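Given next are the chains, with one letter for each unit.
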Amino acid sequence: MSYVYLKVPDKKDLHYRIKWMQDNKTMSYNAGYEINVKGYNKKTGTITKTEEEMIAWYDNFVLQEPDKYYAYVYIDNVLEPIGEVYYYLEHDIHNMGILIQDQYRGKGYGYFALLELEKIAFQKNGIHELSDFIPMERIGAINIFKKAGFVPTNVKQKELKFGKECISEQLLLTKEMYDRRKVKKMDEIVFQSEHINYIKVSDKYIKDYLKMMNNPKIRKLLSANDKVFTYEDELNWVKSSREKIQFSMIDKESKKFIGNIGLMDVTDKGAEMGITITEEFQNKHYGSEAIEAIVQYGFETLGLEEINLIVFSHNERAIHCYQKLGFVVEKVEKNVARIDNRDVDDIYMKRSK
Ligand SMILES: CC(C)(COP(=O)(O)OP(=O)(O)OC[C@H]1O[C@@H](n2cnc3c(N)ncnc32)[C@H](O)[C@@H]1OP(=O)(O)O)[C@@H](O)C(=O)NCCC(=O)NCCS
């Protein structure tokens with residue numbers, strides 16, 4: 001099963017929304033209503049919007065957190081968005097909506113997209129409730145909402161659909177219900193060293209990941225670009241890392257988050273190591289302990305013969321650690337980036353079993 005993730009769209013990607021709102025199959029659920037929306041076709045349910053109209057909608061609706069949220073839904077192996085999720089505040093309640101394009105329905109993506117929206121609404125933006133009105137005959141949709149924790153209230157709405165009465169019921173999920181329902185996730189310890197537990201990466205630690213990865217002192221040791229990571233970036237990283245050799249490190253004594261470590265591009269022979277320690281825990285020998293532990297994990301548990309890494313030439317502390325732990329320089333690629341007004345090199349290092 002592909003993993004589902006959300007991404008706030010750029011304006012240049014609005015053509016996807018324009019297209020699916022004109023797709024008869026995707027919009028058929030929306031047909032027959034007495035709604036006064038420009039471009040609405042009652043016969044098909046489609047809504048035709050020009051690019052200018054869509055940009056005006058974007059400026060009013062997108063990037064308006066916490067009270068409004070809009071994102072495209074993606075699955076990991078498909079380039080185009082498969083649909084959308086959103087919520088917005090209206091009359092003291094956050095109404096939400098979800099749409100999955102016709103060709104992606106019936107595969108469970110809607111349910112996972114709802115779970116992602118819940119995380120954004122309740123964990124990130126701290127809003128108090130999500131509410132949706134769903135026609136009672138749409139039993140499939142109602143069941144997905146119920147599975148995702150929503151409960152029907154006794155509030156109903158009546159509308160005319162092709163001249164016939166259509167009753168929708170309200171499905172509601174409050175933050176309190178969400179928090180109660182969220183089973184306290186236990187950290188899954190995969191292995192340990194003297195002071196550190198290595199656990200599977202988890203959305204529970206996203207705030208820690210953000211603090212670490214957006215720390216300017218750390219960023220300039222890892223990358224030459226200035227990208228500021230968002231909550232969604234980290235959520236997506238957690239999902240894509242769950243099945244990989246990627247761990248969060250937790251201090252056994254204080255139970256605090258120390259950093260992340262992992263082995264990437266694993267082959268029969270070797271893998272590339274990456275490590276980042278949060279500022280609070282740097283220079284206290286956690287890094288040295290963790291590097292030795294992941295090397296042993298690679299050699300003993302995964303049966304690898306060598307561990308490689310790439311480090312910037314200005315990262316003197318990291319280089320010191322790697323050399324101390326038996327890594328040797330394989331090659332140097334000169335002037336790969338410019339950071340803090342100086343040219344820096346990529347140093348390739350390797351430790352063999
Ligand atoms: C690099 C990193 C993993 C090292 O972990 P750490 O826990 O801070 O390091 P440790 O405390 O285990 O060891 C630090 C060693 O470097 C030495 N050191 C500290 N600053 C140094 C510097 N500017 N130049 C040279 N050596 C330095 C310390 O004296 C210590 O040496 P010792 O073990 O011989 O006493 C960690 O600092 C980190 O995550 N940095 C930011 C992200 C990063 O650079 N990742 C690596 C990218 S390739």
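Only a predicted model underlies this, so the values are computations on that prediction, with no experimental measurement involved. Each chain has its residues counted from 1, running along the sequence as written. Only residues with pLDDT of at least 70 are given local features in this predicted model, and only at 80 or more are side-chain atom pairs given and counted; all residues enter the totals for whole chains, interfaces and linings.

Participant: When you look at the overall build of the protein chain in this model, what are you seeing that I'm missing?
Facilitator: Secondary structure counts use DSSP, requiring at least four H or I residues in a row for a helix and at least two E residues in a row for a strand, with both numbered from the N terminus. When its secondary structure is counted, the protein chain shows 11 helices and 15 strands. Dimensions of the protein chain, computed from the C-alpha atoms along their principal axes, are close to 80 × 40 × 35 Å. Residue burial is a threshold on neighbouring C-beta atoms within 10 Å of the residue's own C-beta, all placed from the backbone, with 20 or more meaning buried, 12 or fewer meaning exposed, and counts in between meaning partly exposed. For the protein chain, the proportion of its 353 residues judged to be buried stands at 28%. Any two residues are considered in contact once their C-beta atoms, placed from the backbone, lie within 7 Å. By sequence separation, contacts in the protein chain at least 24 residues apart represent 59% of the contacts at least 6 residues apart.

Participant: Sorry, what's going on with the pairing of strand S6 (residues 151-161) here?
Facilitator: Each regular strand shows side chains that alternate between the opposite faces of the sheet. Of all 11 residues in S6, zero are buried; the element is thus mostly exposed. Strand direction decides the pairing type here: S6 and strand S7 (residues 164-174), joined by eight bridges, are antiparallel. Bridge pairing in S7 links Glu 159 to Cys 166. The pairing criterion is simple: DSSP has to find at least two bridges between the two strands. The turn linking S6 back onto S7 is made up of two residues, and Phe 162 within it adopts a positive phi angle of 45 degrees.

Participant: Teacher, can you tell me more about the nonpolar core here?
Facilitator: Core analysis: the biggest nonpolar cluster contains 72 residues, and Val 73, Tyr 109, Ala 113, Ala 121, Met 249, Ile 258 and Ile 294 have the highest contact counts within it. In terms of residues, this core owes the most to one element, helix H4 (residues 109-124), which gives eight residues. With residues near it in sequence (within four places) discarded, Met 249 still touches Ile 196, Tyr 198, Ile 258, Gly 259, Asn 260, Ile 261 and Ala 290. Nonpolar cores are built from buried Ala, Val, Leu, Ile, Met, Phe, Trp, Tyr and Cys residues. These are joined into a set through C-beta atoms within 7 Å.

Participant: When you look at H4 in this model, what are you seeing that I'm missing?
Facilitator: Count 3.6 residues to each turn of an α-helix, and residues three or four apart come out pointing the same way. For H4, spanning 16 residues, the distance from its first C-alpha to its last is 21 Å, which sits close to the expected 22 Å at 1.5 Å a residue. Among all positions in H4, only Tyr 109, Gly 110, Phe 112, Ala 113, Leu 114, Glu 116, Leu 117, Glu 118, Ile 120, Ala 121 and Phe 122 are buried. Looking at the residues trailing H4, positive phi occurs at Gly 126, about 60 degrees. What a helix should span is 1.5 Å times the count of its residues minus one.

Participant: Looking at this structure, I do not really get the site of the ligand. What am I missing?
Facilitator: By convention here, the C-beta atom is placed from the backbone, and a residue is near a molecule or strand when that atom is within 6 Å of it. Near the ligand there are 23 residues, and of these Ile 277, Gly 287, Ser 288, Glu 316 and His 320 occur at the shortest range. For the shell around the ligand, the secondary-structure elements that each account for two or more residues are helix H8 (216-222), strand S12 (270-277), helix H10 (286-301), strand S13 (306-312) and helix H11 (316-324). Class assignment of the residues belonging to the shell around the ligand gives a composition of 10 nonpolar, nine polar and four charged. Residue classes follow a fixed rule: Ala, Val, Leu, Ile, Met, Phe, Trp, Tyr, Cys and Pro count as nonpolar, while Asp, Glu, Lys and Arg count as charged, and any other residue, Gly among them, counts as polar.

Participant: Where do I start with the domain arrangement of the protein chain in this structure?
Facilitator: It is common to give the size of an interface as the accessible area that goes away when the parts come together. Segmentation into domains, and thus their bounds, comes from an automatic or database assignment. As far as domains go, the protein chain holds domain 1 (4-181) and domain 2 (189-352). Distance between the C-alpha centres of domain 1 and domain 2: 38 Å. Mapped by element, the contributors of at least two residues to the side of domain 1 that touches domain 2 are strand S1 (4-7) and H4. A total of three residues in the side of domain 1 that touches domain 2 trace back to one element, the largest contributor, which is S1. Here the side of domain 1 that touches domain 2 is built from residues that sort into three nonpolar, no polar and four charged.

Participant: Honestly, the sheet that holds strand S10 (residues 245-251) in this entry has me stumped. Any pointers?
Facilitator: Pairing between the strands of a sheet comes from backbone hydrogen bonds, and it takes one of two forms, parallel or antiparallel. What the eight strands build is an open sheet, ordered S8-S9-S10-S11-S12-S13-S15-S14; its pairing is mixed. Every interior strand has two partners, whereas the edge strands, strand S8 (189-192) and strand S14 (328-339), have only one. Each strand of the sheet is rotated relative to its neighbour by a mean of 25 degrees, with strand direction disregarded. In the sheet, strand S9 (residues 196-200) pairs with S10 via five bridges, with the strands oriented antiparallel. Across the sheet, the residue bridging to Tyr 198 is Met 249, located in S10. Against the sheet, H10 touches S8, S9, S10, strand S11 (257-264), S12, S13 and strand S15 (342-352), its axis set at about 160 degrees to S12. Interaxial angle, 0 to 180 degrees, is taken between N-to-C directions of lines fitted to C-alpha atoms, where a helix line uses only the stretch in contact.

Participant: Can you walk me through the environment of Ile 75 in this structure?
Facilitator: Considering the arrangement of structural elements, one finds Ile 75 in strand S2 (residues 68-75). C-beta crowding within 10 Å serves as the criterion here: with 20 such atoms nearby, Ile 75 is assigned to the buried category. Sequence-wise, Ile 75 and Cys 321 are 246 residues apart; in three dimensions their C-alpha atoms are separated by 39 Å.

Participant: Help me understand unusual backbone geometry, please; the structure alone is not making it clear to me.
Facilitator: Most of the time, phi is negative for any residue but glycine, and the peptide bond is trans. The omega angle of the peptide bond from Glu 65 to Pro 66 is 10 degrees, so this bond is cis rather than trans. With respect to the element layout, Pro 66 can be found in the loop between helix H3 (51-61) and S2. At Lys 255, a residue that is not glycine, the phi angle is positive and equals roughly 65 degrees. Within the fold, Lys 255 resides in the loop between S10 and S11. Given 9 C-beta atoms within a 10 Å radius, Lys 255 is considered exposed. Even without glycine at this site, Asp 265 takes up a positive phi of about 45 degrees. Note that Asp 265 resides in the loop between S11 and S12.

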